[in-house]
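Residues per chain, in single letters:
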Amino acid sequence: MSLQQLAELIFPDVTKTPEDYLKAYPKRILKEGAKVTRYAPSPTGFQHIGGVFAALVSERIAVQSGGVFYLRVEDTDQKREVEGAIEDTIATMHNFGMDFDEGMTGETTSKGNYGPYRQSERAEIYKTFAKDLIIKGLAYPCFMTSEELEAMRDKQVAAKLTPGCYGEYAIYRDLSPEAAMEKIKAGEQYIIRLKSPGNAENRVNFVDLIKGETSFPENIQDIVIIKADGLPTYHFAHAIDDHLMGTTSVIRGEEWLSSLPIHVQLFDVLGFERPEYAHIPNVMKLDGDSKRKLSKRKDPESAVSYYKEEGYPKASVVEYLLNIINSAFEEWRMENPTADYHDYPVALDKMSKSGALFDLVKLNDVSKDVISKMPAEEVYSLYTEWAKEYDKAMYDLVTKHEAMSKEIFNIDKEGPKPRKDFGKWSEVKEKICYFYDELFNAETEVELPKNMTLETAKEIISSYKEVYNFNTDQETWFNELKEHAISLGYTADRKAFKKDPTAFKGMVSDVAGAVRSAISHRTNTPDLYTIMQIIGEEAVRARFEAFLNN
């Protein structure tokens, strides 16, 4: 009876029992094999790419199994909460194509039948389970002061022991209920600790869905479950929430792997069925010859805002993340070039066990492939949306010449091998600026074909402009250019040129190169005929004249 009295003294306002909540949160009715996963961030900052990576794994596992993916906000550390962090999480995941079936929909709003989905609003639930543990003798109030805790740690460190509250150091573990009640009534501060049933000689064996078989010594620490402010610790809250919300698969960062003995023990002590656990590898970066964890402080690409500012389409980022989630994705994409990435079956057991290496060069390659498959209308829409925020002058120019801009974005789109000119919107200006007179006319440097002087290029343009015919098809245009080049002393016969270079001024390709330089100032562009057709005859002839007068 004294344990009951102690529990009543500590939690006088708690009138419900665990059974009440177990009834209020009935087991989910799901199809066989369906997984319930969650993304459960602390609102202590804005989202980073590692969070998107973790959420994508959870979202894919839930969706492809016909299950539920929900958002739970773990805000028990309210001193560190950042205003707007919840909205940022929801918006970020939505922007990357992930929407939650249940959970928080804003700072104060939510949807679903298993809420509240914000831990600070679930205090009564945690207290109810903590009260029950005290009644059962499985938890106790601990009155250790900060000075006592510091002295305990110093003693343990000096003795080369694991720091913590256990064994002889758990000095209030066996305090009688009566003595504990006296201290409480006297106003002494306390926290609630789990009375760990663990034995250091025993081991916890567990099959992680990514790491495989794992084994740890049992937890012997009397961990804190309710803090002095009445809110639960992460360990205690997550066990109760995951059980009541019907989470089948806890997918989280590998930094939590060492906490697995504590969490398994909590599920057992609370009488809950253990969920599956999958500890995903950290997102790593190559730093010299070694790998390190992607850093919020050191690496700009760790921030979600980086991808928006640089102009990576969200589909590109998601496809790249799928590449590092499962290496087999790249082969799948090659076999299914036009398939929606949602069709790819993510497999936890095929994830890297060591660390997912994040490579911006690879991301750019993936993004080039993604953009190359987009219809011109979509490229125009996404680019102008980005430019409106990050390059207003380019936005004004591209939208002013909307029809021409869409033609530019459509170059070689409809062939079997579409061009891969850019991997992010911040690269577009440099690739297409010469189409627009406003930018082209402001350029002062002109690239010329290799080994060609400006004088020779001008000689070519001076004669070619007289025979150039705008109103013809591509094959005819090229044949006319070739004939003119041959008349100037150039050849289309590569073997003859190699055999005796002195017999010719050069190759037909050199003449085409001079034309390309005159109308684009560049030696590497898309198809020359297409460029001239897009900018129009008037602009082509004006550029020939400007080149000659340069």
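Structure first, text after, so check above.
Trainee: Could you clarify how one ought to interpret helix H22 (residues 508–520) in this entry?
Mentor: Side chains that are three or four residues apart share a direction in an α-helix, a result of its 3.6 residues per turn. In a regular helix each residue adds 1.5 Å, so 13 residues correspond to 18 Å; H22 covers 18 Å between its end C-alpha atoms and thus fits that length. A large share of H22 lies buried, amounting to 11 of its 13 residues. Every buried residue of H22 is accounted for by Val508, Val511, Ala512, Gly513, Ala514, Val515, Arg516, Ser517, Ala518, Ile519 and Ser520. Note on H22: the residue one or two positions beyond its end, His521, has a positive phi of about 65°.

Trainee: Mind showing me how you'd approach the nonpolar core here?
Mentor: One recurring pattern in soluble globular proteins is that nonpolar side chains are buried together. One finds Ile225, Phe236 and Phe435 to be the most contacted residues of the largest nonpolar core, which totals 157 residues. With 9 residues, helix H3 (residues 49–64) is the single largest residue contributor to this core. Among residues more than four places away in sequence, those in contact with Phe236 are Tyr126, Phe129, Ala130, Leu133, Ile225, Ile226, Leu266 and Leu270.

Trainee: Quick question: what am I supposed to make of the sheet that holds strand S14 (residues 356–357) here?
Mentor: Hydrogen bonds between backbone groups are what pair the strands of a sheet, and the pairing can be parallel or antiparallel. If you walk across this open sheet you meet the 3 strands as S13-S12-S14, and the pairing is mixed. The open sheet has two edge strands with one neighbour each: strand S13 (290–293) and S14. Judged from the 2 bridges that link them, strand S12 (residues 283–287) and S14 form a sheet pairing that is parallel. Looking at S14, one finds that Met284 is bridged to Leu357.

Trainee: Help me out: how do you make sense of the pairing of strand S2 (residues 68–71) in this one?
Mentor: Moving residue by residue along a regular strand, the side chains alternate between the two faces of the sheet. Burial of S2 is two-sided: the residues Val68 and Tyr70 facing one way and the residues Phe69 and Leu71 facing the other way are all buried. Bridge count for strand S1 (residues 36–39) against S2 is 4 bridges, and the pairing is parallel. From the neighbouring strand, Val36 faces S2, where its bridge partner is Val68. Since S1 and S2 lie parallel, the crossover through H3 that links them has a hand, and here it is right-handed. Here S2 pairs with strand S3 (residues 102–104) via 2 bridges, running parallel.

Trainee: Hey, could you run me through a negative patch on the surface in this one?
Mentor: Negative charge collects at one region of the surface, where Glu147, Glu148, Glu150 and Asp154 lie side by side. Within the secondary structure layout, Asp154 lies in helix H6 (residues 146–158).

Trainee: Hey, could you run me through the environment of Gln78 in this one?
Mentor: Note on placement: Gln78 falls in the loop between S2 and helix H4 (85–95). Linking Gln78 and Gln156, residues 78 residues apart in sequence, is a C-alpha distance of 31 Å. Sequence-distant contacts of Gln78, that is, excluding residues within four places in its chain, are made with Ser120 and Leu231.

Trainee: Could you clarify how one ought to interpret unusual backbone geometry in this entry?
Mentor: Outside of glycine, negative phi angles account for most residues, and trans bonds account for most peptide bonds. The peptide bond linking Gly115 to Pro116 adopts the cis configuration, its omega dihedral lying at 0°. On the secondary structure map, Pro116 appears in the loop between strand S4 (110–111) and helix H5 (123–135).

Trainee: So what exactly am I meant to see when it comes to the pairing of strand S6 (residues 191–194) here?
Mentor: Burial along S6 is two-sided: Ile191 and Arg193 facing one way and Ile192 and Leu194 facing the other are all buried. With 4 bridges joining them, strand S5 (residues 139–142) and S6 adopt antiparallel strand pairing. Across the sheet, residue Cys142 finds its bridge partner in S6, namely Ile191. Of the strand pairs in this sheet, S6 and strand S9 (residues 224–226) are connected by 2 bridges, and their pairing is antiparallel. Bridging across to S9, Ile192 finds its partner in Ile226.

Trainee: Help me understand empty space enclosed by the protein in this model?
Mentor: Sizing a probe to match a water molecule and rolling it over the atoms shows the empty space that remains. Tallying each qualifying case throughout the model produces 1 cavity of 30 Å³ or more. Quantified by volume, the largest cavity comes out at close to 40 Å³. Lining the largest cavity are Pro41, Ser42, Pro43, Gly45, Gln47, Leu71, Val73, Ala85, Ile86 and Thr89. Examining the composition of the lining of the largest cavity, we find that 3 residues originate from one element, H4, more than from any other. Per-class residue counts for the lining of the largest cavity are 6 nonpolar, 4 polar and no charged.

Trainee: Whenever I open this one, the packing of aromatic side chains confuses me. Can you help?
Mentor: Aromatic ring pairs: the centre-centre distance and the angle between the two ring planes describe each pair. Applying the stated criterion to the full structure yields 29 aromatic pairs. Centroid distance Tyr25 to Tyr114: 6.2 Å. Interplanar angle 45°. Geometry classified as tilted. Of the two residues, Tyr25 sits in the loop between helix H2 (18–24) and S1 while Tyr114 sits in the loop between S4 and H5, which places them 89 residues apart along the sequence. Just as Tyr25 is buried, Tyr114 falls in that class too. For the pair Tyr434 and Phe435, a centre-to-centre distance of 4.7 Å together with 25° between the ring planes defines the contact as stacked. For Tyr434, a relative accessible area of 2% puts it in the buried group.

Trainee: Can you help me understand the sheet that holds S3 in this one?
Mentor: In spatial order, the strands read S1-S2-S3-S4; together these 4 strands make up an open sheet with mixed pairing. At either end of the open sheet lies a strand with only one pairing partner, and these are S1 and S4. Packed on one face of the sheet, H3 meets S1 and S2 and runs near 165° to S1.

Trainee: Would you take a moment to explain the packing of helix H1 (residues 2–10) against helix H7 (residues 177–185) for this structure?
Mentor: Relative to each other, H1 and H7 sit at 20°, their axes nearing to 9 Å. Relative to H7, H1 is oriented roughly parallel. Here H1 and H7 pass one another in a crossing that is left-handed. Contact residues: Ser2, Leu3, Gln5, Leu6, Leu9 and Ile10 in H1; Pro177, Glu178, Ala180, Met181, Ile184 and Lys185 in H7. The class makeup of the residues in the contact of H1 with H7 is 8 nonpolar, 2 polar and 2 charged.

Trainee: I would appreciate a short explanation of the pattern of salt bridges in the present structure.
Mentor: Pairing between side chains becomes possible if they bear opposite charge and their charged atoms approach one another. The final tally for this structure, using the stated rule, is 37 salt bridges. A salt bridge links Lys406 to Glu377; the shortest N-O distance between them is 3.1 Å. Of this pair, Lys406 sits in helix H16 (residues 402–409) while Glu377 sits in helix H14 (residues 376–390); the two residues are 29 residues apart in sequence, bridging distant segments of the chain. Among the ionic pairs, Glu466 bridges to Lys465, the shortest N-O distance being 2.6 Å.

Trainee: Would you take a moment to explain the side chain of Lys424 for this structure?
Mentor: Mapped onto the fold, Lys424 is located in the loop between H16 and helix H17 (428–432). In terms of polar contacts, Lys424 uses its side chain to reach the side chain of Glu310, at 2.6 Å. Apart from the residues lying within four places of it in its own chain, the contact partners of Lys424 are Glu310, Gly311, Tyr312, Asn364 and Ile371.

Conventions and cut-offs
- Residues numbered from 1 in each chain as written.
- Predicted model: local features only at pLDDT ≥ 70, side-chain atom pairs only at ≥ 80, totals over all residues.
- Heavy atoms only, no water.
- Helix = DSSP H or I, 4+ residues; strand = E, 2+ residues; numbered from the N terminus.
- Expected span 1.5 Å × (residues − 1).
- Buried < 20%, exposed > 50% of the residue type's maximum accessible area, 1.4 Å probe, protein only.
- Core = buried A, V, L, I, M, F, W, Y, C linked by side-chain atoms within 4.5 Å.
- Contact = heavy atoms within 4.5 Å.
- Pairing = 2+ DSSP bridges.
- Right-handed = clockwise from strand over helix to strand, strands pointing away.
- Patch = residues over 30% accessible without salt bridge, like charges linked within 9 Å, V, L, I, M, F, W, Y side chains within 5 Å.
- Areas by Shrake-Rupley, 256 points an atom, 1.4 Å probe, with all protein chains shown as cover.
- Salt bridge = Lys/Arg side-chain N within 4 Å of Asp/Glu carboxyl O.
- Lys, Arg positive; Asp, Glu negative; His and termini not counted.
- Charge placed at Lys NZ, Arg CZ, Asp CG, Glu CD.
- 1 Å grid on protein atoms, 1.4 Å probe; cavity = no way out; pocket = protein on both sides within 12 Å on 5 of 7 lines; lining within 4 Å.
- Points joined across faces, edges and corners; volume = space filled by probe spheres on them.
- Nonpolar A, V, L, I, M, F, W, Y, C, P; charged D, E, K, R; others polar.
- Phe/Tyr/Trp six-rings, centres within 6.5 Å; stacked < 30°, edge-to-face > 60°.
- Axes fitted to C-alpha atoms, helices over the stretch in contact; angles between N-to-C directions.
- Parallel < 35°, antiparallel > 145°, perpendicular 65-115°, else oblique.
- Left-handed = near helix turned anticlockwise from the far one by under 90°.
- Polar contact = N/O pair within 3.5 Å; in protein donor to acceptor, adjacent residues only side chain to side chain.

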